[in-house]
4 protein chains.
Amino acid sequence: MTDTTPQRVQAALLQLDNYGPWTVTPEPRREPELQALQARLYADFADFVGGRDGYVFYGRFDNMVALGGALDRSAYARFQTRVENRYPVTASIGVGHDETPAAALGAASGLLQEAGSAQDGDRREVLAVDGPVGATGVTVAHFDVVDATGTYTDRDHAYDVELVVREVADTLSRYMRTEHDSLSYFVGGDNVIAVCPDLSAAAFDRAVEHVHDRTGVRLQVGFGRGTTAVAAGTGAKHALETCREADKRVSAAPAASD
Amino acid sequence: MTDTTPQRVQAALLQLDNYGPWTVTPEPRREPELQALQARLYADFADFVGGRDGYVFYGRFDNMVALGGALDRSAYARFQTRVENRYPVTASIGVGHDETPAAALGAASGLLQEAGSAQDGDRREVLAVDGPVGATGVTVAHFDVVDATGTYTDRDHAYDVELVVREVADTLSRYMRTEHDSLSYFVGGDNVIAVCPDLSAAAFDRAVEHVHDRTGVRLQVGFGRGTTAVAAGTGAKHALETCREADKRVSAAPAASD
Amino acid sequence: MTDTTPQRVQAALLQLDNYGPWTVTPEPRREPELQALQARLYADFADFVGGRDGYVFYGRFDNMVALGGALDRSAYARFQTRVENRYPVTASIGVGHDETPAAALGAASGLLQEAGSAQDGDRREVLAVDGPVGATGVTVAHFDVVDATGTYTDRDHAYDVELVVREVADTLSRYMRTEHDSLSYFVGGDNVIAVCPDLSAAAFDRAVEHVHDRTGVRLQVGFGRGTTAVAAGTGAKHALETCREADKRVSAAPAASD
Amino acid sequence: MTDTTPQRVQAALLQLDNYGPWTVTPEPRREPELQALQARLYADFADFVGGRDGYVFYGRFDNMVALGGALDRSAYARFQTRVENRYPVTASIGVGHDETPAAALGAASGLLQEAGSAQDGDRREVLAVDGPVGATGVTVAHFDVVDATGTYTDRDHAYDVELVVREVADTLSRYMRTEHDSLSYFVGGDNVIAVCPDLSAAAFDRAVEHVHDRTGVRLQVGFGRGTTAVAAGTGAKHALETCREADKRVSAAPAASD
């Protein structure tokens, strides 16, 4: 991890075009249908980007995020066509590259905002990319709660467990955003994934400590580096297994897993 | 709203069996594949329950929640078979009925916990119901952020907007849980849906006020009652449209929409 | 099987509105995307109707058929809304009831044809039903090829096996249509399902004989009766298992399986 | 079309492992659930292969075919993992390359047969490839029925229209298989796609003539060449549009569309 070249990460922001108005036109659509639509579109995005080794997060569902991929303009254009061919809605996509995930997503956000409002009926299927694919590497950290099942799921009210997990995810997310220009997302169960610049084990240890101080909940974390999110994240998952087995709080993947 | 019979609501907790271990056996599975699996299973649950007029929330994805339906045991059993026929994982379901959503989901939680651990390899496809369908009515409130697009989405970093929305959703959720035994979920965009016992407009106004005090974000809310979540929620959606058009903070659906 | 009341079966014809033109507007869409769209829409129709105990067949994909259900107008209307909420295309549906499946589907066909052309851009989301739900019962026969795997799949060119199966399915379909006003569909593998009026074992035996005479391929068949296609078809599947185990050519489900 | 290098096409045969027995274990599964499973798995295969510019056909659903792609071993392996991560069944895949589609699929068939029976419970997730990707080009012909909507769909019983279309597809398929080592598939509506070696317009004209002689149905056909099925097939679709507009029976894409 002494490579002096800074990592450069790709972030894509997918925004459904004029989605809010669509959900209530001509009258409000049944909520479960909207939930199903959003979830399937997200699953398709995960398939598409994941098949090209990037990670996808549902964000606010009408604003989804892909991180750590190396897709070129034509790949994103093809996904837009897939959405158009499959759904009653369309999507605009902004793609940014920068040294940190937060800066890259900021660039992507800015590109879409320049192209028009998310609720502008005339802004449709914009694809704005800030340059050629400049992705060179990414660090992924995979956190979970120590013995979540025994401590929470099998004992507490399901909703209260969810509130705890949400609080943990948000506390960690704010810390990683502020301290490390990293983007963290709850991904189900008691898992949070952070997409980061090149950080040390000590940095992750401090993050875990911070969450414990604020919430009383103990996390463990595995992290890895790679040229793509899947490569880095697979290393992180293996490292997290090491935490579970060896009762460690932080574990690094043995080597860059490309 | 002077009906003296207390509402009685149905809550179902769907829990994937031994899911955590499955995700890392024999080795960690690619994250985007897990995301896609969870999202599609959620979409199928939304279709199934939504087709019977209940609402579904993704919760922690390995623990999903259905509220405000009136499905009997055989319907949930059929959904379990559907999962078994379609996915590499299986699901256990607990179903509770009580006067408040929180109490009903607590009953559902307890039934599953009594049946064994969420990570017990031998606990598989449990279906535990606390009695015959006792659902008689539910109140649904649909909140969103006043001018979210203009104030946030079109101006700020996409991630920071997401953090704001998460904070709003969690602040509202804790308040509604504590004060009103209600269960609130972020459902995409800037929308939060709360499933509640019979509450007054004043109660919702105080909730909006509470969120504004804590976060500085202005919400508006429409609410409705009905025998099912879809009936109540459709009323709530229409009422929320009234808020948007008439610049109101709280709006009730004109009448019980059954 | 001495019930003197004639069975009365429901048939629904789902027709995508103006689909052919859509597939080439503004220019021809990628074929795999169309295949995926059609298949998913079919899967959703199977879920919806199957969840209400009817059978669904893909037909020509832009014209799908549901048989042996007992869905009322509002259920079909809800499915139309689901299509509208989920896909870039819409669907019209005709629903007929009659003593034979062929007559019922003929009624459904006629209702849609009266409403306008399948490629009329103005005909959209028609729902035409010939009266209240009049379904009282149906007979389902489930055919497959004797030892298809050993005789064909494991030995011959995959395409030539497919041609054999197609020939068998079509020969059987024409015979059952002409002789018994029944509708037969290939459903995958080496399986053909026929939805029929109340026929005797001897009639199915003659059908098997006819296919053997024309194609040289040996079929076996289980059949059952029930108030719905799923009830009848589940009986037929069990009866077909009996054929496999007891080396019989025709087997009836032990009793009407309602 | 004077290139003297023979085209070399890739064919993949995807076979569900031990699927027949699974559908009846521990007892027969509901037919609509099986239909939905098969259709969704097919849609996923279409997405995956289509995203890499190949065409996919549903074949017998438990035996699906991909043609005209240029996917390497690792791509097919990834799709197998996707199936394993998403479905309750697994898939084996054989991949062959040869000058004609029929020969390539024959090679793929043979590879799977050598690996064990389709109903051998121990044969699971085989991936057998006959060598490195050798795909260099393919010809795709897209046929449809002249004025199918006016002549058939809007006038006749839906089932009888389907029987006509099936007969046309099978007649064409047998002819193209025997005469030209080509593989033809019904793809919905009144469309048949043939994947072919390099054939002349005259050859396609004779095929159309043959179908008319045997069935009385008039077809039209556009064809194109390309390095992938999508490139060739998109040319074919444009050429078919020319047939429709200019009332021609056969039309070639203006140039190899790579």
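Just above sits the structure.
Since the model is a prediction, treat every value here as computed from it, not as a measurement.

On to helix α8 (residues 229–246) of chain C, then. All names here are of chain C. The end-to-end C-alpha distance of α8 is 25 Å, a good match for the 26 Å that 18 residues give at a rise of 1.5 Å each. For α8, every residue scored as buried is listed here: Ala 229, Val 230, Ala 231, Ala 232, Gly 233, Gly 235, Ala 236, Lys 237, Ala 239, Leu 240, Glu 241 and Cys 243. Just downstream of α8 lies Asp 247, where phi reads positive at about 55 degrees.

Residue and element names in this part refer to chain D. The terminal C-alpha atoms of helix α4 (residues 101–115) lie 21 Å apart, and with 15 residues this matches the ideal 21 Å at 1.5 Å per residue to within 8%. Among all positions in α4, only Pro 101, Ala 102, Ala 104, Leu 105, Ala 108, Ser 109, Gly 110, Leu 111 and Leu 112 are buried. Directly beyond the C-terminal end of α4, a positive phi value near 135 degrees is found at Gly 116.

Before going further, it helps to examine the pairing of strand β6 (residues 138–145) of chain D. All names here are of chain D. With respect to burial, β6 is a largely interior element, 8 of its 8 residues being buried. Here β6 shows a buried face lined by Val 138, Val 140, His 142 and Asp 144 and a second buried face lined by Thr 139, Ala 141, Phe 143 and Val 145. The sheet contact formed by β6 and strand β9 (residues 219–226) spans 8 bridges and is antiparallel. Within the sheet, the bridge partner assigned to Val 140 lies in β9 and is Gly 224. Of the strand pairs in this sheet, β6 and strand β8 (residues 191–196) are connected by 6 bridges, and their pairing is antiparallel. Directly across from Ala 141, in β8, lies its bridge partner Ala 194.

Turning our eyes to something else, we now look at the side chain of A:Gln220. Residue and element names in this part refer to chain A. As for its placement among the helices and strands, Gln 220 is situated in strand β9 (residues 219–226). The class for Gln 220 is buried, based on a relative accessible area of 7%. A distance of 2.9 Å separates polar atoms of two side chains, one belonging to Gln 220 and the other to Asp 144.

Attention now goes to the pairing of strand β3 (residues 63–67) of chain A. Residues and elements named next belong to chain A. Among the 5 residues that make up β3, 5 are buried, leaving the element largely enclosed by the rest of the structure. The alternating pattern of β3 places Asn 63, Val 65 and Leu 67 on one face and Met 64 and Ala 66 on the opposite face, and all of these are buried. Sheet topology places strand β1 (residues 9–16) next to β3; 5 bridges connect them, and they run antiparallel. Considered in β3, the bridge of Leu 13 is made with Val 65. Bridge count for strand β2 (residues 55–57) against β3 is 3 bridges, and the pairing is antiparallel. Within the sheet, the bridge partner assigned to Val 56 lies in β3 and is Ala 66. In sequence, β2 turns back onto β3 through a hairpin of 5 residues, with Gly 59 there showing a positive phi of about 55 degrees.

With that settled, the discussion passes to the sheet that holds strand β9 (residues 219–226) of chain B. Within a sheet, neighbouring strands are paired by backbone hydrogen bonds and run either parallel or antiparallel to one another. Strand order in the open sheet formed by 5 strands is β7-β8-β6-β9-β10 (chain B), and the pairing between neighbours is mixed. Whereas interior strands pair on both sides, the edge strands pair on one side only; in this sheet they are β7 (183–188) and β10 (250–252) of chain B. Recorded for the sheet is a direction-independent mean angle of 20 degrees between the axes of neighbouring strands. Seen against the sheet, helix α2 (residues 31–50) of chain A touches β6 (138–145), β7 and β8 (191–196) of chain B and runs at an angle of roughly 50 degrees to β7(B). Across the sheet, helix α6 (residues 158–180) of chain B lies against β6, β7, β8 and β9 of chain B, angled at about 160 degrees from β7(B), the strand it touches most.

This brings us to the interface of chain B and chain A. Residue-level contacts link 76 residues of chain B with 76 residues of chain A. Linking chain B with chain A are 14 salt bridges, by the criterion used here. A salt bridge links A:Asp53 to B:Arg30; its shortest N-O distance comes to 2.8 Å. Linking chain B to chain A there are 51 residue pairs in polar contact (both at pLDDT 80 or more). The element contributing the most residues to the side of chain B that touches chain A is α6(B), with 15 residues.

Turning our eyes to something else, we now look at the packing of aromatic side chains. If you walk through the whole model with that rule in mind, you get 50 aromatic pairs over all chains. When the ring of A:Phe45 is compared with that of A:Phe79, the centres are 5.0 Å apart and the planes differ by 35 degrees; the resulting orientation is tilted. On the criterion of sequence distance, the pair formed by A:Phe45 in helix α2 and A:Phe79 in helix α3 (residues 73–86) is long-range, its members being 34 residues apart. For the pair C:Tyr19 and C:Trp22, a centre-to-centre distance of 6.0 Å together with 20 degrees between the ring planes defines the contact as stacked. In this pair, C:Tyr19 and C:Trp22 are both assigned in helix α1 (residues 19–23), 3 residues apart and thus about one turn of the helix distant.

Attention now moves to the interface of chain B and chain D. Across the boundary between the two partners, chain B contributes 15 residues, which contact 15 residues of chain D. Approximately 1,500 Å² of surface area, both sides summed, lies buried where chain B meets chain D, with 36% of it carried by carbon and sulfur atoms. Interface area lost by chain B to chain D is led by B:Glu33, B:Asn85 and B:Arg86, which between them contribute 44%. Connecting chain B to chain D are 4 salt bridges.

A few words on the relation of the copies chain B and chain A. After a rotation of 180 degrees and a shift along the axis of 0.0 Å, chain B superposes on chain A with an RMSD of 0.0 Å. In short, the pair behaves as if placed about a two-fold rotation axis. Considering only C-alpha atoms, the residue of chain B closest to the rotation axis is B:Ala39, which sits at 2.5 Å. Looking at the interface residues of chain B, 100% of them are also at the interface in chain A, so both copies use one shared face.

It is worth spelling out the pattern of salt bridges at this point. A full pass over the atoms with the stated rule returns 81 salt bridges over all chains. Taken together, the shared-partner salt bridges connect A:Arg40, B:Asp44, B:Asp47, B:Arg86, C:Asp44, C:Asp47, C:Arg86 and D:Arg40 into one network.

Before going further, it helps to spend a moment on the relation of the copies chain B and chain D. Between chain B and chain D, the superposition needs a rotation of 180 degrees and an axial shift of 0.0 Å, giving an RMSD of 0.0 Å. Of all interface residues in chain B, 100% are interface residues in chain D too; the two copies therefore contact each other through one and the same surface.

What counts and how
Residues numbered from 1 in each chain as written. Chains lettered and ligands numbered in written order. Predicted model: local features only at pLDDT ≥ 70, side-chain atom pairs only at ≥ 80, totals over all residues. Heavy atoms only, no water. Helix = DSSP H or I, 4+ residues; strand = E, 2+ residues; numbered from the N terminus. Expected span 1.5 Å × (residues − 1). Buried < 20%, exposed > 50% of the residue type's maximum accessible area, 1.4 Å probe, protein only. Pairing = 2+ DSSP bridges. Polar contact = N/O pair within 3.5 Å; in protein donor to acceptor, adjacent residues only side chain to side chain. Axes fitted to C-alpha atoms, helices over the stretch in contact; angles between N-to-C directions. Contact = heavy atoms within 4.5 Å. Salt bridge = Lys/Arg side-chain N within 4 Å of Asp/Glu carboxyl O. Phe/Tyr/Trp six-rings, centres within 6.5 Å; stacked < 30°, edge-to-face > 60°. Buried area = accessible area lost by both parts, 1.4 Å probe. Least-squares fit on C-alpha atoms with pLDDT ≥ 70 in both.

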